[in-house]
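A closer look at the structure
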Amino acid sequence: MRRTIRIPTTLSLTVPFGAIALLAASDARAATPTFYADLVSFQAAATASVTDDYSNPGYVFSQSDVVMSGVLGETDYTTTGHINNNLVFNGPADPRYCAGCNGSFLLSFQTTSVGDATGVGGVLVFIESHSMATPYFAFITYGDGTTDNIALPIQGNYWGVSAPERIESIHFGLSNGGTTTGGSFSIDDLMIATIGNDCCAASPDGTPGCNDPACEAAVCAIDPFCCNTAWDGICAGESVTECGALCNTCGDGVAAGSEQCDDGGESAVCDADCTFAMCGDSLVNATAGEACDDGGETATCDADCTFPSCGDGVTNMAAGEQCDDAGASATCDADCTLAQCGDGVLNAAAGEQCDDAGASATCDVDCTFPSCGDGVLNALAGEQCDDGGESATCDVDCTPATCGDGVANATAGENCDDGGRSATCNIDCTAVSCGDGVLNVTAGEQCDDAGESATCDADCTNAMCGDGVANVTAGEECDDAGESATCDDDCTAAMCGDGVTNATAGEGCDDMGESATCNADCTTAGCGDGVINAAAGEDCDDMGESAACDDDCTAAECGDGLLNETAGEECDDGNTDDGDGCAADCIVESGTDSTGGDSTGGDSTGGDSTGGADTSGGGTGIDTSVDVTGPVITTANDSSGGTEGDTDTDSGGSAVDPEGCSCTTDSEGSGRGAVWSVLALFGLGALRRRRRRA
């Protein structure tokens, strides 16, 4: 078959078809890539594309090459640095892909839906990170087997390439395909696309060639103009003839040409544009169950092509969701924010009892209910401290440990705490104990010097003689709460001679030894008590008259004027003269009675001296004798016949000397002398009695 071929105006000639074919063959080109530095230009060149923004929930943080490749099924991943270590950061702020994030990797495009076994028309990536200390290169293998080695730009830029020969693979690593585990390199928004004109339609911008290599080769073999100048309507018409089913009409129910499917319209497996129904292809297919399809997750459409709704189980970060577990879960709140104590959203599944966006009177900062002793300090709930129970600095009621606060804290060293001093608790929070050195008046202590002191007894009462508590430090030898048989009332041990009279101990007196009024054995000094008391004037004391002692406690001695019959005395006239009625040895002389009566005669029964009748004149004699024990004083009547009772002390009569001597007056004594004699006898008797009593 021959046809007229358009020739460039410079060649105005007609040649055989075969020659044009040879011309085309002789004009075969090496790969002719086009490079891109922005998204808009690449999208303008693409006629069909698939974008992976790495937010697909099928990705996990780390996966093998096989798993990574199978999530979308559009690109084959092979890690060449860190083997089988494909990392996907699909957080809400910055989703991206890297191979260990410091390793090289290979992307192959021979199984994509927008290409064929020779590859795809174009590839575009956004470079998220790129450490220029270890610069990465793109080593490109084209569909014709040729290669390119391209230095990549810094992070934050798009980089892309397209070629009519198609892109078979790109290795991201060191120059010329070198592998590495160094540096830092990651990408996002991987876009693979068909680049070029639709073989079945005229090029809108008048560029040559079409996007199906086989169809393009068949058409250009008969019409080189289509590949050298422009793919116009003639070229499109030739495609219908030369390319068979490639240019069939979408919707006719026959899948042909570039159609992936054709069900005569939208179906559950085929979109209305005769591509396979796939959520994320930017074609809403209601029959396939899509509510929307924005080519991926957007603020109005989930990645699964349903309308965004918090709680639908599909995380839509573009719609503001941080997570979506179809309700509250251990990691996700019911409002689709990440579960976090303090976010103000109660999440029981995450173990929260409450969440007031911080500590409150009803909620601790760790999202548990406030409870004193839970170990979480909550000042708004009235806690001043919380050590999970009693500690050295915190009471069990969550107040600071302070002696006197009314809360006993054993860990802080308190034995008790009654909010101050009490009958059982000291002011320093120790248990009341007399002798602890802490004065507790409420407990009845008057003092507490940690034991006996000069001012304080061991029973914590003020040291005082007579209090019944012996205090040696205060100088007490004993204390029987007063005088006792063993203790004086000045708290010294009872002892005769100590100068303290102790009647209970049997003392009648105590002058610290013998005195005029007190014996050495502390009995009251008294002649006849059997205790010789020289200070009281006693020579002896035999508790009465004895052979050696008179009854006035003087030594028994004849002539002392004291009759001592026990000593053998019959009389004692105070001298040792014979011839006075009482011999020198105190024996009554002959002619006198035993009492020492008057030798001149008279009544011998009582020592009376009876004067004879007045020889001169018949007067009656007056009895002038006195019954006494002691020397007998004898008086005589007036021989001149004077009046009765008239005793003349001047001229004669009886007189008594200080030693008790009885003197006889001459016959001229008057009655007056007799009276004086009687008075003298009474005086001697009184003296005798007084000495006996003494």
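Presented here is a report on the structure given in the accompanying data block. (Residues numbered from 1 in each chain as written. Predicted model: local features only at pLDDT ≥ 70, side-chain atom pairs only at ≥ 80, totals over all residues. Heavy atoms only, no water.)

1. Examining the state of the cysteines
Inspection of the entire model under this criterion finds 26 disulfides. The residue that forms a disulfide with C215 is C243, at a sulfur-sulfur distance of 1.7 Å. As the torsion about the S-S bond is roughly 95 degrees, the C215-C243 disulfide counts as right-handed. Separated by 28 residues along the polypeptide, C215 in helix α4 (residues 213-222) and C243 in the loop between α6 (233-242) and β14 (655-656) bring together distant segments of the chain. Judged by relative accessible area, C215 falls into the buried class, the value being 4%. The exposure class of C243 is buried, given its relative accessible area of 16%. For C447, the disulfide goes to C456, at an S-S distance of 2.0 Å. Measuring handedness by torsion sign, the sulfur bridge of C447 and C456 sits at about 90 degrees and is right-handed. (Disulfide = S-S within 2.5 Å. Helix = DSSP H or I, 4+ residues; strand = E, 2+ residues; numbered from the N terminus. Buried < 20%, exposed > 50% of the residue type's maximum accessible area, 1.4 Å probe, protein only.)

2. A few points about α6
Since one α-helical turn is 3.6 residues long, residues separated by three or four positions face the same way. Those residues of α6 that sit buried are C235, A236, E238 and S239. Projected down its long axis, α6 shows its buried positions confined to an angular sector of 160 degrees, all on one face. Each element contacted by the buried residues of α6 is listed here: α4 and α5 (225-228). (Arc of directions from axis to C-beta. Contact = heavy atoms within 4.5 Å.)

3. Considerations on empty space enclosed by the protein
This structure, assessed with the given rule, holds 3 cavities of 30 Å³ or more. Taken as a whole, the largest cavity encloses approximately 70 Å³ of empty space. When contributions to the lining of the largest cavity are tallied by element, the ones reaching two or more residues are β2 (46-52), α3 (65-70) and β13 (185-195). In terms of residue count, the dominant contributor to the lining of the largest cavity is β2 (3 residues). (1 Å grid on protein atoms, 1.4 Å probe; cavity = no way out; pocket = protein on both sides within 12 Å on 5 of 7 lines; lining within 4 Å. Points joined across faces, edges and corners; volume = space filled by probe spheres on them.)

4. A word on a negative patch on the surface
Taken together, the side chains of E570, D577, D578, D580 and D585 make up a negatively charged region of the molecular surface. The topology assignment puts D578 in the loop between α6 and β14. For D578, a relative accessible area of 55% gives the class exposed. (Patch = residues over 30% accessible without salt bridge, like charges linked within 9 Å, V, L, I, M, F, W, Y side chains within 5 Å. Areas by Shrake-Rupley, 256 points an atom, 1.4 Å probe, with all protein chains shown as cover. Salt bridge = Lys/Arg side-chain N within 4 Å of Asp/Glu carboxyl O. Lys, Arg positive; Asp, Glu negative; His and termini not counted. Charge placed at Lys NZ, Arg CZ, Asp CG, Glu CD.)

5. Topic: the packing of aromatic side chains
A complete count under the given rule lists 13 aromatic pairs for this structure. A centroid spacing of 5.0 Å and a plane angle of 65 degrees characterise the contact between F126 and Y158, whose relative ring orientation is edge-to-face. Remark: Y158 occurs in strand β12 (residues 157-173) and F126 occurs in strand β9 (residues 119-130); sequence separation between them is 32 residues. Geometry around F89 places R96 over its ring, the cationic atom sitting 4.4 Å from the centre. (Phe/Tyr/Trp six-rings, centres within 6.5 Å; stacked < 30°, edge-to-face > 60°. Lys NZ or Arg CZ within 6 Å of the ring centre and 35° of its normal.)

6. Side note on the nonpolar core
Note that soluble globular proteins tend to have their nonpolar side chains buried in a common cluster. Ranked by internal contacts, the top residues of the largest apolar core, which has 32 residues, are Y54, Y97, W159, I167, I170 and F172. With 6 residues, β12 is the single largest residue contributor to this core. Residues contacting I170, with those up to four places away along its chain left out, are F105, L106, L107, F109, V123, A138, F139, I140, W159 and V161. C210, C215, C227 and C235 belong to the second largest nonpolar core, which has 11 residues in total. (Core = buried A, V, L, I, M, F, W, Y, C linked by side-chain atoms within 4.5 Å.)

7. Re the environment of G482
Relative to the assigned elements, G482 resides in the loop between α6 and β14. On a C-alpha basis, the gap between G482 and G468 in space is 7.5 Å, while along the polypeptide they are 14 residues apart.

8. Some points on α4
Those residues of α4 lying buried are C215, E216, V219, C220 and I222. Taken end-on, α4 shows its buried residues confined to a sector of 160 degrees, consistent with a single buried face.

9. Here we look at the pairing of β13
Counting buried residues in β13 gives 9 out of 11 residues, a clear majority hidden from the surface. Sheet topology note: the β2/β13 ladder contains 6 bridges and is antiparallel. Within the sheet, the bridge partner assigned to D52 lies in β13 and is L190. Bridge count between β9 and β13: 7 bridges; the pairing is antiparallel. For G122, the partnering residue across the bridge sits in β13 and is A193. (Pairing = 2+ DSSP bridges.)

10. Some words on unusual backbone geometry
The backbone of C274 shows a phi angle near 65 degrees, a positive value even though the residue is not glycine. By the element assignment, C274 lies in the loop between α6 and β14. The phi angle at S282 is positive, at roughly 70 degrees, despite the residue not being glycine. Counting through the fold element by element, S282 comes out in the loop between α6 and β14.

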